[in-house]
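# Structure assessment
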Amino acid sequence: MRILLPQVGESVAEAIIDKWLKKVGDLVEKYEPLAEVVTDKVNMEMPSPVSGVLTSILVEEGQTVQMGTVVAEIKVEGEEEAPGGEASPPVSAGDRAPDVIDRIGTLLKDVAPVGPTGSGGPAVDDGDGAPRSKPRYSPVVQHLAAEHDVDLSMVAGSGIGGRVTRKDVQAYVDAGAEAAQGRVSEAATAGTAQARAPAEGDERVPLRPVRRMIAENMVRSATEIPEAWTMVEADVTGLVRLREAAKADFQRREGVNLTYLPFVVQVVADSLKEHRLVNSTWAGDAIILKHRINIGVAIATPNGLVVPVVHDAGSLSVARLAKAVHDLATRARRGKLDVTDVQGGTFTVNNTGPLGSVVGKALINHPQAAILNTEAIVKRPVVINDAIAIRSIMNLCITFDHRILDGMEAGAFVTDVKRRLEAIRPDMEV
Amino acid sequence: MSEEMDRDSRVFVMGEDVSARGGVFLATDGLTERFGEERVIDTPLAESSIAGIALGAALNGMRPIAEIQFADFIWPSVNQLVGEAARVRYGTKGSMSVPLVVRSPYGGGVRGGLYHSQSVETFFTHTPGLKVVTPATPYDAKGLLKSAIRDDDPVVFLEHKRTYRLVRGEVPEGEYTLPIGAADVKMQGDDMSVVTYGLMLHHCLEAARTLAEEGVSVEVVDLRTIRPLDEEAILRSVRKTGKCLIVHEDTKAGGIGGEVAAIVSEHAFEHLDGPVMRLAGPEVPAMPFSPPLEAMFLPDEDRIAGAMRKLAGY
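Residues numbered from 1 in each chain as written. Chains lettered and ligands numbered in written order. Predicted model: local features only at pLDDT ≥ 70, side-chain atom pairs only at ≥ 80, totals over all residues.

## Focus: the overall build of chain B
What counts, and what does not: Numbering goes from the N terminus for both helices and strands, where a helix is a DSSP run of H or I of at least four residues and a strand is a run of E of at least two. Residues are called buried when their C-beta atom has 20 or more other C-beta atoms within 10 Å, exposed when it has 12 or fewer, and partly exposed otherwise; all C-beta atoms are positioned from the backbone. Contacts are defined on C-beta atoms placed from the backbone: any two residues whose C-beta positions lie within 7 Å are in contact.
Along chain B, the regular secondary structure elements total 13 helices and twelve strands. By residue count, 53% of the 314 residues in chain B fall in the buried class. At a minimum sequence separation of 6, the contacts of chain B that also span at least 24 residues come to 78%.

Here you go:
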């Protein structure tokens with residue numbers, strides 16, 4: 001039986017086989033993990049869909065393959081040996097499983113009927129969670145791609161189920177994005193020749209898949225988004241006192257530590273409701289204002305940076321947010337995040353305070369419109385009513401996509417966040 | 001018709017109730033007063049003889065406009081039209097022709113039930129030798145009817161009943177003709193082509209306006225003539241938009257939609273960015289009488305808009 005890399009989320013197109021947990025000849029139980037797989041969103045174990053003997057591994061560790069690619073074969077007890085009994089040749093990165101070509105061809109059993117004339121909807125996602133064997137492109141999309149030499153796997157699809165449409169290709173070509181996008185993965189792994197050659201005593205550390213994903217995402221953000229940056233100071237003395245007063249009771253009552261982060265997430269979510277442009281995405285010929293407010297929280301883990309998402313953060317209390325953030329952070333550090341945990345983010349909060357940073361410039365979490373750094377809270381002498389007072393000050397730094405936002409909107413947003421944080425009083429209920 | 005009867009004394013009108021009553025939809029009202037009963041002839045209730053007499057008159061140099069009161073009752077005349085009229089030019093190596101127009105109200109949405117609502121067009125569009133014209137606006141109806149009357153070959157001229165009263169539009173006084181076999185882009189757009197004819201044109205235009213508010217630019221192509229089809233106009237539009245939806249009231253299987261879809265996939269395959277889709281009447285023997293069932297039969301603005309959204313999203 002051919003084992004396909006399962007589709008794990010609508011926006012995940014490819015994955016890296018990080019490590020095979022079984023070797024050829026091993027007995028495999030149904031649901032037993034076969035391999036560790038890394039996507040740009042999450043790490044996961046790929047369970048075996050059947051019990052049997054692993055007869056061949058078709059994708060080497062470290063290779064990137066499309067979702068739905070055949071990655072291994074398992075012989076199920078009682079199953080007929082494949083004709084000739086030969087193992088298929090290994091496929092190299094990016095290749096798809098070769099279609100079996102017979103004497104006069106084969107019936108494609110996995111092709112869903114197209115359009116309202118068939119018995120189902122368009123053959124994009126039949127909704128039963130079965131993996132699609134490979135992305136299908138319409139004739140005009142293939143034609144355009146060939147004409148402009150576009151690698152379609154680099155084009156983001158806006159059609160049903162992420163299908164790449166003619167407009168997507170056209171926009172991609174028009175925007176000259178092929179250069180920018182195409183550079184991403186190369187640039188991420190390029191480096192100059194000088195940098196590549198280690199000198200004596202240097203140590204060469206091969207890239208882990210997660211590192212490579214982060215590198216690619218950062219290059220994409222840096223090359224594609226014309227970003228601008230601004231900062232305001234927030235007097236969070238009230239918040240600090242509130243937390244001091246409430247944290248012991250909160251820990252006892254809720255079972256999690258009360259940090260500043262849930263307060264910040266709540267204030268940011270409330271502010272985003274009034275500054276919708278900050279909660280948006282650049283779509284080439286339009287700006288998509290996002291309906292939901294899903295706030296990603298950057299978490300450092302032993303394996304690298306991940307950004308799990310608090311969905312619909314605008315409707316949650318501080319206590320609920322504290323638990324949500326705690327849960328995400330815990331599972332992130334253990335590498336136990338689900339795909340859904342990292343999908344759908346519309347804005348990111350990057351809490352650099354614990355690192356001791358007081359000013360920082362984050363890179364935008366592509367394709368969001370902005371990212372907010374909440375820096376370390378430090379006591380500083382400040383002037384209030386012509387008197388000098390010792391106050392707890394936190395810097396709020398925002399990096400924003402200047403295609404979407406101008407300084408006025410970004411400034412208004414971050415000032416709103418500041419105002420709301422400063423309005424927190426020590427005697428508020430948590 | 002009166003302009004053509006003025007212009008050419010060979011033109012005359014015949015059919016059930018066309019003279020004394022001026023036609024059940026009053027299409028020939030007033031003609032008898034102007035041209036007399038010799039040129040506006042009431043016939044017995046016998047469609048076979050209406051078509052047969054008209055055919056004979058046409059073969060003998062006249063230019064008859066025969067009315068079949070409802071397209072539902074056109075069947076007895078089919079032998080004369082399909083079996084005879086369509087073949088005359090071919091069968092005589094071009095030495096004879098049949099300058100005959102058969103006018104007939106067709107289509108539903110008027111609570112006409114099983115015997116006054118049907119779409120009969122594809123029985124004729126399958127016949128080489130016939131032309132089938134289906135105007136949807138008053139302006140097109142006049143220009144095309146003049147061309148049909150002047151045409152030297154038989155034309156089945158189908159007028160949608162619902163458009164008689166539902167649709168109003170400017171019609172210039174006096175002389176103009178529109179070519180048979182030419183489609184008309186009724187609304188320009190870039191995101192998809194919607195190909196339609198008859199009453200559905202108006203629902204499609206409404207739906208297209210709704211979609212425009214949602215940011216989808218729909219091009220609406222009115223076929224106007226469904227045999228011969230204006231292949232170039234269809235292909236020009238689909239090559240531009242990359243997507244094609246065909247909407248008609250007639251049932252889907254074997255309908256015009258299938259023919260348009262085939263033309264598109266034969267000649268514009270490389271330009272397609274989505275499946276060619278059809279929205280049409282259901283596979284039911286006839287338009288039902290019950291108002292809710294009739295509404296279910298007829299594609300309406302909402303369902304057309306839904307189909308447009310589906311294709312736009314693809």
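## Things to note about the confidence of the model for chain A
Put simply, the rule reads: For every residue, the predictor assigns a confidence score, pLDDT, that lies between 0 and 100.
Across chain A, the average pLDDT comes to 81, with 80% of residues at or above 70. Note that pLDDT drops below 50 for residues 82-132 of chain A; the model gives that stretch 55 contacts with residues more than four away or on any other chain.

## Thoughts on the nonpolar core
Cut-off, in case you're wondering: To form a nonpolar core, buried Ala, Val, Leu, Ile, Met, Phe, Trp, Tyr and Cys residues must be joined through C-beta atoms within 7 Å.
Among the nonpolar cores identified, the biggest contains 98 residues, and B:Val194, B:Leu245 and B:Met308 are the most heavily contacted of them. If sequence neighbours within four positions are ignored, B:Leu245 has contacts with B:Met192, B:Val194, B:Met277, B:Leu279, B:Ala307, B:Met308 and B:Leu311. By size, the runner-up hydrophobic cluster in this structure holds 79 residues, among which are A:Ala234, A:Val236, A:Leu405 and A:Val417.

## Focus: the packing of helix 7 (residues 261-274) of chain A against helix 10 (residues 407-422) of chain A
Residue and element names in this part refer to chain A. Put simply, the test is: Fitted lines through C-alpha atoms serve as axes, helices being fitted only where they are in contact, and the angles separating the N-to-C directions of these axes extend from 0 to 180 degrees. Any angle from 65 to 115 degrees is called roughly perpendicular, while one under 35 is roughly parallel, one over 145 is roughly antiparallel, and all others are oblique. By convention the crossing between two helices is left-handed if the near helix lies anticlockwise of the far one by an angle smaller than a right angle, and right-handed if it lies clockwise. Any residue outside Ala, Val, Leu, Ile, Met, Phe, Trp, Tyr, Cys, Pro, Asp, Glu, Lys and Arg is labelled polar, Gly included; the first ten of those are nonpolar and the last four are charged.
Closest axis-to-axis distance for the helix 7/helix 10 pair is 9 Å, and the angle between their directions is 135°. In terms of their interaxial angle, helix 7 and helix 10 are classed as oblique. As for the relative orientation of helix 7 and helix 10, their crossing is right-handed in sense. Touching Val267, Val268, Asp270, Ser271 and Glu274 of helix 7 are Phe413, Asp416, Val417, Arg420 and Leu421, all from helix 10. Of the residues in the contact of helix 7 with helix 10, the class split is five nonpolar, one polar and four charged.

## Quick word on the sheet that holds strand 3 (residues 27-28) of chain A
Residue and element names in this part refer to chain A. So the rule is basically this: Strands pair, by our definition, only if DSSP identifies at least two bridges between them.
The four strands lie next to each other as 1-8-6-3, forming an open sheet whose pairing is antiparallel. Strands at the two margins of the open sheet, each flanked by one partner only, are strand 1 (2-4) and strand 3. Where strand 1 meets strand 8 (residues 70-75), three bridges bridge the pair, whose relative direction is antiparallel. Note that in strand 8 the partner of Ile3 across the bridge is Ala72.

## Concerning the interface of chain B and chain A
Between chain B and chain A, the contact holds twelve residues from the first and 15 residues from the second. A class-by-class count of the residues in the side of chain B that touches chain A yields five nonpolar, four polar and three charged.

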